Amino acid sequence: MTEIDVARLRAETRGCENVVHLNNAGASLPPAPIADHLYAYLRDEEMKGGYETADLRHDELEHFYVAAARLLNASPEEIAFVENATRAWDMAFYAFPFKSGDRILTTVAEYGSNLIAYLQQARKTGAELVVVPNDEHGQIDLEQLEALIDERVKLISISHIPTGGGLVNPAAAVGRIARKHGVPYLLDACQSAGQMRLDVEELGCDMLSVTGRKYLRGPRGTGFLYVRKNWIEKLEPPFLDQHAAELIDSETFIIRRDVRRFENWERFFAGQAALGTAIDYAMDIGLEAIQDRVFSLAATLRAGLADTPGIRVADEGLVKCGLVTFQHDRLECEEIKAAMSQKGFNMSVSNGSGTKLSFMARGLEAGLVRTSVHYFNTDDELERFLGVLRSL
Ligand SMILES: Cc1ncc(COP(=O)(O)O)c(C=O)c1O
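Small disclaimer: the values here were computed from a predicted structure and weren't measured.

(A) Quick peek at the sheet that holds strand β6 (residues 185-188). Ordered by their spatial adjacency, seven strands build an open sheet running β2-β8-β7-β6-β5-β3-β4, and the pairing between neighbours is mixed. Pairing within the sheet leaves two strands with one partner each, and these edge strands are β2 (79-82) and β4 (128-132). Taking each pair of neighbouring strands and ignoring which way they run, the sheet shows an average axis angle of 20 degrees. Relative to strand β7 (residues 207-211), β6 runs parallel, the two being bridged by three bridges. Its bridge partner lying in β7, D188 is registered against S209. Contacts from helix α5 (residues 85-93) reach β2, β3 (103-107), β5 (153-159), β6, β7 and β8 (223-227), with the element oriented near 165 degrees to β7.

Dropping the structure here:
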């Protein structure tokens, strides 16, 4: 396994001169080569024209699919560029023709937007949402998941890493159960892509959604959807444009047969090209090395927080990732965020809407402070963070 050259990666992250960035689960600091790629692309659009630039940079735009496929051990023919993880996920989820009596299985720590989509579809179609309980570690209970599967279950859909904490759900074990019972499996890998090694064969998922701006360190307004080959033609996208479908005559259209049926024609081209570069950047460092460093920095931070009077660390899960959440016995989450921001530390507050069911079950509706480390953070930054936090 490669050693991470933290000094080089920090030197290539101009934002590190400016802030201690502990908001990588919100949006990471893009590395200089990715930011420069984006600026150069936009400059070409300014100077040469948008359509002309897309022609000139055709190979870069196509490279995105190759890079995203490598990241997931998939094929470029299984990747669609979509502007964020939510829309990518929606394009798969809303393609399922649920009907009354069908069941969708999900987890307690499911992402808020996904939950809204389940509830909307349940209301429209009469399908039923079933939330699989957690086990004693706070992750999806695999035995209960399997026990709930019967002929009514038409989809298993879970978040790999939820937005509101350090939990890593056992996504590959869920995939084995889904395969054993022949149930399609949609995985929200928004927080895990770029943070963990992902392999769709090991995960056993049929569809997977990703965002660009978080652990992949790509531009905002980018993301993608993976759809396993045998599922592409079975899923009719909820929206179609002239890129996704073709008008034959005044009454007939045909939907394209490949995975780009899930895409929009008009999109953030510069972002697509730069996301390809961001994925290459992560792959060059190595996802296993990234995961080791991120998880280990987060463990250090958790231990320091646990040693801090008045702080309660809130992360669940047998395996814990780079997201570290906590509460203060005296200070509101927003007060902590504001005070730390003044001292040059970026972080965020998970206010409960992102993982509503989990926060309700745990009585956390006041929210949690969410810090999230990346490989370019250092022990020294974490020490300084804890020092300032203790002084509040
Ligand atoms: C688990 C999870 N899923 C989905 C999303 C939504 O991603 P996007 O904002 O790119 O749509 C987030 C964002 O925080 C998330 O944490």
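(B) Inspection of the site of the ligand at higher detail. Taken together, N84, A85, T86, Y111, I161, T163, D188, C190, Q191, T211, R213 and K214 make up the full set of residues adjacent to the ligand. In this structure, an oxygen atom belonging to the ligand sits 2.9 Å away from a side-chain N or O atom of Q191. Summarising the interface, the protein chains cover 91% of the accessible area of the ligand, which totals 390 Å² for the free molecule. Residues of the shell around the ligand, tallied by class, amount to four nonpolar, five polar and three charged.

(C) Up close: the domain arrangement of the protein. In terms of domains, the protein is made up of domain 1 (6-29 + 286-391) and domain 2 (35-284). The partner domain 2 presents 36 residues to the 43 residues of domain 1 that form the contact. With both chains or domains summed, domain 1 and domain 2 bury close to 3,000 Å², and 53% of this area falls on carbon and sulfur atoms. A salt bridge links D36 to R14; the nearest nitrogen and oxygen atoms lie 2.8 Å apart. At the boundary of domain 1 and domain 2, one finds 26 residue pairs in polar contact (both at pLDDT 80 or more). Of all elements in the fold, only α12 (287-306), β12 (323-328), α14 (356-361) and β15 (368-372) reach the threshold of two or more residues within the side of domain 1 that touches domain 2. Its residues placed into classes, the side of domain 1 that touches domain 2 shows 18 nonpolar, 16 polar and nine charged.

(D) Quick peek at the side chain of T53. Note on placement: T53 falls in helix α3 (residues 50-56). For T53, a relative accessible area of 0% puts it in the buried group.

(E) Structural context of the pattern of salt bridges. Using the criterion set out here, one finds 27 salt bridges in the structure. A salt bridge links K48 to D44, with the nearest nitrogen and oxygen atoms 3.4 Å apart. With a gap of four residues between them, K48 and D44 both fall in helix α2 (residues 32-48), about one helical turn apart. Close ionic contact of K154 with D102 constitutes a salt bridge, the shortest N to O distance being 3.2 Å. Residue K154 is located in strand β5, and its partner D102 is located in the loop between α5 and β3; the two are separated by 52 residues in the primary sequence. Owing to a relative accessible area of 28%, K154 belongs among the partly exposed residues under this scheme. Here the residues in one salt-bridge network are D44, K48, R57 and E60, joined through shared partners.

(F) Spatial organisation of the pairing of β8. The buried fraction of β8 amounts to five of the five residues, a majority that puts the element mostly inside the structure. Here β8 shows two buried faces, one formed by G223, L225 and V227 and the other by F224 and Y226. Pairing between β2 and β8: four bridges, direction antiparallel. Bridged to F81 within β8 is F224. Note that β7 and β8 share five bridges and pair antiparallel. Pairing of M207 across the sheet is with V227, part of β8.

Criteria and thresholds
- Position numbers for residues start from 1 in each chain and track the written sequence from start to end.
- Residue-level local features of this predicted model are given only where pLDDT is at least 70; pairs of side-chain atoms are given and counted only at 80 or more, and the full residue set underlies all totals for whole chains, interfaces and linings.
- Where side-chain values are given, they derive from all heavy atoms of the structure, hydrogens and water being excluded.
- We call two strands paired when DSSP finds no fewer than two bridges between them.
- The helix count covers DSSP runs of H or I at least four residues long, the strand count covers runs of E at least two residues long, and both are numbered beginning at the N terminus.
- Interaxial angles span 0 to 180 degrees and are taken between N-to-C directions of axes, which are lines fitted to C-alpha atoms, for helices over the stretch in contact.
- Only heavy atoms matter for contacts: two residues are in contact if any of them lie within 4.5 Å across the pair.
- Near, as used in this document, describes a residue that has one of its heavy atoms within 4 Å of the molecule or strand being considered.
- Contacts described as polar in this section are N or O atom pairs within 3.5 Å, which, within protein, must combine one atom able to donate a hydrogen with one able to accept it, while residues neighboring in sequence count only if both atoms come from side chains.
- Throughout, the Shrake-Rupley method with a 1.4 Å probe supplies accessible areas, and for residues the shown protein chains are the sole cover considered.
- Polar here means any residue other than Ala, Val, Leu, Ile, Met, Phe, Trp, Tyr, Cys and Pro, which are nonpolar, and Asp, Glu, Lys and Arg, which are charged; Gly is therefore polar.
- Where each domain begins and ends is defined by an automated method or by a domain database.
- By buried area we mean the combined loss of accessible area, with a 1.4 Å probe, across both parts when two parts are placed together.
- Salt bridges are counted wherever a side-chain nitrogen of Lys or Arg sits within 4 Å of a carboxyl oxygen of Asp or Glu.
- Note on classification: 1.4 Å probe, protein chains only; a residue is buried when its accessible area is under 20% of the maximum for its type, exposed when over 50%, partly exposed between these limits.

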